[in-house]
Amino acid sequence: MTELTVSALAEMVQGRLIGDGTRVIRGIGDLRQAQPDRVGFVRDERWADAAKGTQAGALLTAAELETDAVQILVADVDYAFLVIASHFHPKPQAVEHMVHGSAVVHPEAVLEEPVQIGANAVVGRAKIGAGTVVMANATIGDDVTLGRDCVLYPQVTIYDQVTIGDRFVAHGGCVIGSDGFGYKPEGGKWHKVPQLGGVRIGDDVELGASTVIDRGAVNDTVIHEGCKLDNLCHIAHNVELGRHTIMAAGAMVAGSTKVGEYNIWGGQAACAGHLTIAPHVHLGGGTSLLRSIREPGEYIGYPPIEKKAWVRLQKQIVDFPAMRADWKKAQEEQE
Amino acid sequence: MTELTVSALAEMVQGRLIGDGTRVIRGIGDLRQAQPDRVGFVRDERWADAAKGTQAGALLTAAELETDAVQILVADVDYAFLVIASHFHPKPQAVEHMVHGSAVVHPEAVLEEPVQIGANAVVGRAKIGAGTVVMANATIGDDVTLGRDCVLYPQVTIYDQVTIGDRFVAHGGCVIGSDGFGYKPEGGKWHKVPQLGGVRIGDDVELGASTVIDRGAVNDTVIHEGCKLDNLCHIAHNVELGRHTIMAAGAMVAGSTKVGEYNIWGGQAACAGHLTIAPHVHLGGGTSLLRSIREPGEYIGYPPIEKKAWVRLQKQIVDFPAMRADWKKAQEEQE
Amino acid sequence: MTELTVSALAEMVQGRLIGDGTRVIRGIGDLRQAQPDRVGFVRDERWADAAKGTQAGALLTAAELETDAVQILVADVDYAFLVIASHFHPKPQAVEHMVHGSAVVHPEAVLEEPVQIGANAVVGRAKIGAGTVVMANATIGDDVTLGRDCVLYPQVTIYDQVTIGDRFVAHGGCVIGSDGFGYKPEGGKWHKVPQLGGVRIGDDVELGASTVIDRGAVNDTVIHEGCKLDNLCHIAHNVELGRHTIMAAGAMVAGSTKVGEYNIWGGQAACAGHLTIAPHVHLGGGTSLLRSIREPGEYIGYPPIEKKAWVRLQKQIVDFPAMRADWKKAQEEQE
C-alpha cells in the first residue's frame, strides 16, 4: 500500500480535480465510514447524501457534487475504482524469489525466478513462470505448466498433465485435473474408464474457491482465455468453455458440452452433457439446461425458456388453481 | 470419554431414575444395538417396542416404559441426549498448549495459551484465542483474529483480514475470505475488481465442510452470531447473515444480499444478489429466490411462493395437459 | 506406460486382427490427432470418416471399416477401450513402500507394506492396506481403517472413526466424516447435537473432488460397495446409499434418507431427509425430491414426476398464458 496525493490519484485515473490536491491518500473507504486518508467513490446518484457528510479525503464521482470534500471527476467511476483499488491492493505477486523451507519441490521442477512457494506446499515436476505465487499447502503435480504472474491460494490442487496460461488465479480449495466421471456398466458393476486427457487453461482465467475442473477422457478439457468461474463450480471432462465466459457460484457444466464465448451464467445454473451453447447466452440463476441453445439471448427456468416468457409465465401461473376449479366445474356440469 | 453411573447421568439431565442407579455407563448407543454399558434414547413413541428388548444399561425417556431396563425420565429427551452426548463426545478443545513440530507459525503470531496447532498447519501473523484447536494442514493468513475455543478441522483455509469470534467451528476444506466475484467488462474482457473488504464472523458460528465465505468488496462480509451453515454453502461478498440463521447443504447467497435473523433455508436454496430477506423466513429445499421477501413465512419454489400455495399448485398442475386438450378442442370448434 | 505390439493388444481384448500386427503402440489417441504409435477407437458409426484418414497405428472397431489402418475387431469397443486404457494409464498404486520424509505419521499407525504416503501428508492412528497411495497434503485421522489399493488424492480429509473398504478412490479436497448437521433450538439459539456415529464405506467406491460425506448422528453413515459419486456431492448424516448407486456432480442427499441400490442421479439432483428411495430409480438433473419414491423408474422435476409426463408438461406449459387470457376474457363476459 503506497500512499499517494489526491493530485497523483486524479492523474492516475485521468480525472479532473476540484479542490486541494496535496492531501495524502492511503487507501479506499466506504463513504459513510471513511477516514480523511481514504478516497471514497460515488457510484450511484443515491449516494449523493452520504457524499455530503463524508469524512473521506477525496471523492471519485461522475458528476460534480454539493460537498466540502475534494472531488475527482471521471467519466466512469467503476473503472476509476478498479484502477485505484488495484494500486492500493495489488494482487499477490512474486517480486523476490522465495521457496519456503518446509515446501517440497521436485528436483526437476523448473521455477523461472522469481516465484514464491509457500509453507508446506508441494510441487511436482512442474514448470512455473516468473511472478507466480504458490501459497501454503497448495499441491502441484507432475507435467504441469503454470504461466507467469499466477496466484494459487492455499489448498489448491493441480493434478498431473495440466497446462495453464499467464495471470491465472485459483482460490482456496480449487481442484484442477481430477478424473472425469466415466464408468461403464458391465456385470452389475460400474467399471472405471481411465481418464487420459488433461486440462488446458488459457490466459487471464480466475477460479473461485473449491471449484473443480475435471481432466478430459481422451483429449483435454479446455477453458479458454479470460473465463471467470465463481466458487463451487463444476466443469466436467471434455468441456470447452469459450473465451471470456463467466459463471456465478455453483454453476455446473456436464461432460463434453461446448459453451460459446461471452456466456454469462447465474448461480447454480447447470446443463446436461454433450450440448452446444451459442456465444452470448445468458442463463438465469438456477437454470437447468437439458438441450442445446442455438441463439444468443437470455434464458431461465427448468427447463429454460426465453426470459421474458418465463417471467410472464411465473407471474400468471398463480391463477392456475382458479382456472382448474372452473374447468372442473364445467366438466361436472357437462356430466 | 469419562464413565458415569446411571445415577450421575440422571442428575446431569435432572431426570427421575426408575431402577438401579449403580450401573456404569461408558457411552451412548442405538436402542437396537446398545451394549449394557451404553445409555439409549427413546425419542419417539414408535421406538417403545425396541426399548422393551434393549440391552442398553439405561434408557432416557419422556414417558415411563414397559421394560426391564433402568429408566431416566426427562421432560425433553432430545435435550437430554445433547447434554449426555456432549459429555461423552466433547468437541475438540486445547487443554495443553501444543504446536506440532511440522507446523509453520509466523513469529509474530499471538497464541493465547493453550492452543493446539496440528501437523503441517500454517499460521500467519494471526491472533488465536485460548482453547482453540487448529488441525492438520489448515492454513491461516495474516491479520486474522480467531477467538477462544474454536475448532478448525483439516484443510480449512482462512485468508488475510478475517475476524472470527469465540466457539467457531469450521469443517474440513472450508474457505473463508476468498475474493468476492467482481469483474468489470471493458474492451471485451472482464477486469478484476479488487476485493478490499474482509470477513467478520460472530460467536458460536459453525460452517460445514467445503463451505465458502467470500470477503467483501469494500466493507466486510458479515456472519452474525449463532449462524450455522451446512456443507458446500456459498456466501458471496458483502452478504450479511442475521443472527441464528441456519442453512442446509448447498445453500447459496449472492452478493450484497441481507438475510434477516432466524432464517431457515433448505438444501440448495439460493437467492440473487442485492436482496433483503425478512427475519424468520423459511425457504424450502431447492428454492431459487429472485426478489426480496418482506414478510416472515414459509416459501418454496422457483421462483418461490408461499408454501401452501406451492404445494397445491404442484398437486394440481398434473391436470394441465387435460385442461389444455379441452381448450385446444374448444378452439377448433370455434373455428 | 508399457509399449505393446498391435498383436498383443488384439489378444488383450480378444479381438480379431486385420492387418500388420507387428507395429508398436505406446498409448491411446483421438482418431483425428493420433500419431502412428497410438491406437484409436471407433466408438460411433459417425466416426467412420475420421477413421478413413487417421494416422493412428491401429483402430479398435466393432465393424470392419474402409481404411488403410490396421484394425482390431471387437464386440464391445467401449469395453476394449477400458481394458487398453487401464493398461496404458493404470490407477496410482503403491508398488514400493515409501513414506515421504515430510509426512507426519502417528507412531501407532499400521501401514501394511507397501503403501505410499506423500509429501506433507498427515496420518493419524490409522490402519492402511497394502497398495494404497495417500498423496501430498492429505490428512487421515485416528481410528480409521483404509483398505487395500486405495488412492487418496491431494488435500483429501478423513476424520476419525471412518472405515473404508478396498480399491477406494477419493479425489482432491474430499471430506469424509465431517459432523452431520444437527442442532436443537433452545432459548433462541441452535445447540449443537454431537455427532457420535462414523462413516462406513464398502469396496470399490469412488468419490469426486470436494465431495463430502458426513458422519452419522448415533449410528454410521453407510456407502455400500460400488457407489460412485461425482464432484461436489453431499451425503448427510445417517444416509445409506445402496450398492452400485451413482450420482453426478452436485447431487445431495439429506439426513437419514435411504437410497436403494442401482440408483442413477443426475447433476444437482437432491432429496429431503428421512425418505426412502426404491432401487433402480433414475432422477434427472436438477430434480428436487421431497417425498419417498416406492417404484423404480425415471423421475424428473421440482417436485419430480414420472419423466414422460414431465417432458409433456414442460412442452405444453408455454400455452398457459394464452389459455389464461381466454379464461380471463370468458370471466369478463360472464360479469
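Residues numbered from 1 in each chain as written. Chains lettered and ligands numbered in written order. Predicted model: local features only at pLDDT ≥ 70, side-chain atom pairs only at ≥ 80, totals over all residues. Heavy atoms only, no water.

## Description of the sheet that holds strand E10 (residues 110–111) of chain C
Residue and element names in this part refer to chain C.
Part 1 of the argument: Taken in spatial order, the nine strands of this open sheet run E10-E13-E16-E19-E24-E27-E30-E33-E36, and their pairing is parallel. Pairing within the sheet leaves two strands with one partner each, and these edge strands are E10 and strand E36 (276–277).
Part 2 of the argument: By the bridge criterion, three bridges tie strand E16 (residues 144–146) to strand E19 (residues 162–164) in an arrangement that is parallel. Counterpart to Leu-146 in the pairing with E19 is Ile-164. (Pairing = 2+ DSSP bridges. Helix = DSSP H or I, 4+ residues; strand = E, 2+ residues; numbered from the N terminus.)

## Considerations on the interface of chain B and chain A
Part 1 of the argument: If you look at the interface, chain B gives 54 residues, while chain A gives 60 residues.
Part 2 of the argument: Of all residues in chain B, Phe-181, Trp-190 and Tyr-302 of chain B give up the largest surface area on contact with chain A, accounting jointly for 16% of the area buried on that side.
Part 3 of the argument: Residue Arg-324 of chain A is joined to Asp-319 of chain B by a salt bridge in which the shortest nitrogen-to-oxygen separation is 2.6 Å.
Part 4 of the argument: One can count 24 residue pairs in polar contact (both at pLDDT 80 or more) joining chain B with chain A. (Contact = heavy atoms within 4.5 Å. Buried area = accessible area lost by both parts, 1.4 Å probe. Salt bridge = Lys/Arg side-chain N within 4 Å of Asp/Glu carboxyl O. Polar contact = N/O pair within 3.5 Å; in protein donor to acceptor, adjacent residues only side chain to side chain.)

## Some words on helix H3 (residues 77–88) of chain B
Residue and element names in this part refer to chain B.
Part 1 of the argument: Taking 1.5 Å of rise per residue, the 12 residues of H3 would be expected to cover 16 Å, and the 16 Å separating its terminal C-alpha atoms lies within 8% of that figure.
Part 2 of the argument: Every buried residue of H3 is accounted for by Val-77, Ala-80, Phe-81, Leu-82, Ile-84, Ala-85 and Phe-88.
Part 3 of the argument: You can read the cap of H3 off the contacts: a side-chain oxygen lies 3.1 Å from the backbone nitrogen of Asp-78, and it is on Asp-76. (Expected span 1.5 Å × (residues − 1). Buried < 20%, exposed > 50% of the residue type's maximum accessible area, 1.4 Å probe, protein only.)

## Here's the deal with the relation of the copies chain B and chain C
Part 1 of the argument: Superposition of chain B onto chain C requires a rotation of 120° combined with a translation of 0.0 Å along the rotation axis, giving an RMSD of 0.1 Å. Here the copies are linked by what is in effect a three-fold axis. (Least-squares fit on C-alpha atoms with pLDDT ≥ 70 in both.)

## A word on the pattern of salt bridges
Residues and elements named next belong to chain B.
Part 1 of the argument: A complete count under the given rule lists 59 salt bridges over all chains for this structure.
Part 2 of the argument: Note that Asp-143 and Arg-125 form a salt bridge whose closest N and O atoms lie 3.3 Å from each other. One end of the pair, Asp-143, is in the loop between strand E15 (139–140) and strand E16 (145–146); the other, Arg-125, is in the loop between strand E12 (122–123) and strand E13 (127–128), with 18 residues separating them in the sequence.

## So, the packing of aromatic side chains
Part 1 of the argument: With the rule as written, the count across this model stands at 15 aromatic pairs over all chains.
Part 2 of the argument: Ring geometry for Trp-310 of chain B versus Tyr-302 of chain C: centroids 5.3 Å apart, planes at 50°, classification tilted. Within this pair, whereas Trp-310 of chain B is found in helix H4 (residues 307–316), its partner Tyr-302 of chain C is found in the loop between strand E39 (297–301) and strand E40 (304–306), the two belonging to separate chains.
Part 3 of the argument: Residue classification places Trp-310 of chain B among the buried residues on the basis of a relative accessible area of 7%. (Phe/Tyr/Trp six-rings, centres within 6.5 Å; stacked < 30°, edge-to-face > 60°.)

## Notes on the side chain of Thr-221 of chain B
Residues and elements named next belong to chain B.
Part 1 of the argument: With respect to the element layout, Thr-221 can be found in strand E27 (residues 221–223).
Part 2 of the argument: Taking relative accessible area as the criterion, Thr-221 reaches 0% and is therefore assigned buried.
Part 3 of the argument: For Thr-221, the side chain forms a polar contact with the main-chain nitrogen of Asn-238, separated by 3.0 Å.

## Here's the deal with the sheet that holds strand E9 (residues 104–105) of chain C
Residue and element names in this part refer to chain C.
Part 1 of the argument: In space, the 10 strands of this open sheet follow the order E9-E12-E15-E18-E21-E26-E29-E32-E35-E38, with parallel pairing throughout. Of all the strands in the sheet, the pair left with one neighbour each is E9 and strand E38 (288–289).
Part 2 of the argument: Strand direction decides the pairing type here: strand E26 (residues 212–214) and strand E29 (residues 234–235), joined by two bridges, are parallel. Residue Ile-213 lies in a different strand from E29, and its bridge partner there is Ile-235.

## A word on empty space enclosed by the protein
Part 1 of the argument: Applying the stated criterion to the full structure yields five cavities of 30 Å³ or more.
Part 2 of the argument: By volume, the largest cavity is sized at about 290 Å³.
Part 3 of the argument: Each residue belonging to the lining of the largest cavity can be placed in one class, and the counts come to nine nonpolar, 12 polar and no charged.
Part 4 of the argument: Of the volumes computed, that of the second largest cavity is approximately 90 Å³.
Part 5 of the argument: In terms of lining residues, the second largest cavity is bounded by Gln-155, Gly-173, Val-175 and Ser-210 of chain A, Gln-155, Gly-173, Val-175 and Ser-210 of chain B together with Gln-155, Gly-173 and Ser-210 of chain C.
Part 6 of the argument: For the lining of the second largest cavity, a count of residues per class yields two nonpolar, nine polar and no charged. (1 Å grid on protein atoms, 1.4 Å probe; cavity = no way out; pocket = protein on both sides within 12 Å on 5 of 7 lines; lining within 4 Å. Points joined across faces, edges and corners; volume = space filled by probe spheres on them. Nonpolar A, V, L, I, M, F, W, Y, C, P; charged D, E, K, R; others polar.)

## Section: the interface of chain B and chain C
Part 1 of the argument: In this complex, chain B contributes 59 residues to the contact, which on the side of chain C involves 53 residues.
Part 2 of the argument: When chain B packs against chain C, close to 4,500 Å² is buried across both sides, 64% of that on carbon and sulfur atoms.
Part 3 of the argument: A per-residue breakdown of the area chain B buries against chain C is headed by Gln-268, Phe-320 and Trp-327 of chain B, which together make up 14% of the total.
Part 4 of the argument: Along the contact surface separating chain B from chain C lie three salt bridges.
Part 5 of the argument: The shortest N-O distance in the salt bridge between Lys-184 of chain C and Asp-76 of chain B comes to 3.1 Å.
Part 6 of the argument: Joining chain B to chain C, the criterion identifies 24 residue pairs in polar contact (both at pLDDT 80 or more).
Part 7 of the argument: Listing elements by their share of the side of chain B that touches chain C, those giving two or more residues are H3, strand E28 (228–229), strand E31 (246–247), strand E39 (297–301), H4 and helix H5 (320–334) of chain B.

## Topic: the environment of Asp-49 of chain B
Residue and element names in this part refer to chain B.
Part 1 of the argument: Checked against the element boundaries, Asp-49 lands in helix H2 (residues 48–52).
Part 2 of the argument: When its relative accessible area of 62% is taken as the criterion, Asp-49 is described as exposed.
Part 3 of the argument: Residues Asp-49 and Pro-304, 255 residues apart in the sequence, show an inter-C-alpha distance of 42 Å.

## Points about the domain arrangement of chain A
Part 1 of the argument: Under the domain assignment used here, chain A contains domain 1 (4–88) and domain 2 (98–311).
Part 2 of the argument: For domain 1 of chain A versus domain 2 of chain A, the distance between C-alpha centres works out to 37 Å. (Domains from an automatic or database assignment.)

## Looking at the environment of His-237 of chain A
Residue and element names in this part refer to chain A.
Part 1 of the argument: Residue placement: His-237 occurs in the loop between strand E29 (234–235) and strand E30 (240–241).
Part 2 of the argument: Through-space distance from the C-alpha of His-237 to that of Leu-31 is 46 Å; in sequence the pair is 206 residues apart.
Part 3 of the argument: Look past the residues within four positions of His-237 in its chain and what remains in contact with it is Gly-180, Phe-181, Gly-182, Gln-195, Asp-214, Arg-215, Gly-216, Ala-217, Thr-221, Gly-255 and Ser-256.

## Some remarks on the pairing of strand E6 (residues 58–61) of chain C
All names here are of chain C.
Part 1 of the argument: Judged by which residues are buried, E6 turns out to be covered on both faces: Ala-58 and Leu-60 on one side and Leu-59 and Thr-61 on the other are all buried.
Part 2 of the argument: In terms of strand pairing, strand E5 (residues 38–42) meets E6 through four bridges, oriented parallel. Its bridge partner lying in E6, Val-39 is registered against Ala-58.
Part 3 of the argument: Direction of pairing for E6 relative to strand E7 (residues 70–73): parallel, over a ladder of four bridges. Pairing of Leu-60 across the sheet is with Ile-72, part of E7.

## With respect to unusual backbone geometry
Part 1 of the argument: Of note, the bond from Tyr-302 of chain A into Pro-303 of chain A is cis; its omega dihedral lies within 30 degrees of zero at -5°.
Part 2 of the argument: Relative to the elements of secondary structure, Pro-303 of chain A occurs in the loop between strand E39 (297–301) and strand E40 (304–306).
Part 3 of the argument: Positive phi values are uncommon outside glycine, yet Gln-155 of chain C reaches one of about 70°.
Part 4 of the argument: With respect to the element layout, Gln-155 of chain C can be found in the loop between strand E17 (151–152) and strand E18 (157–158).
Part 5 of the argument: The exposure class assigned to Gln-155 of chain C is buried, which follows from its relative accessible area of 3%.

## Some remarks on the side chain of Thr-54 of chain C
Residues and elements named next belong to chain C.
Part 1 of the argument: Mapped onto the fold, Thr-54 is located in the loop between helix H2 (48–52) and E6.
Part 2 of the argument: Side-chain polar atoms of Thr-54 contact the backbone oxygen of Leu-31, separated by 2.7 Å.
Part 3 of the argument: Here Ala-56 takes part through its backbone nitrogen, which lies 3.1 Å from a polar atom of the side chain of Thr-54.

## Side note on helix H5 (residues 320–334) of chain A
All names here are of chain A.
Part 1 of the argument: In this model H5 runs 21 Å from its N-terminal to its C-terminal C-alpha over 15 residues, within 8% of the 21 Å that 1.5 Å per residue would give.
Part 2 of the argument: Along H5, the positions that sit buried rather than exposed are Phe-320, Pro-321, Met-323, Arg-324 and Trp-327. One side of H5 carries all its buried residues, which in axial view fall inside an arc of 155°. Exposed side of H5, more than 90 degrees from the buried face: Lys-329, Glu-332 and Glu-333 are the residues found there. (Arc of directions from axis to C-beta.)

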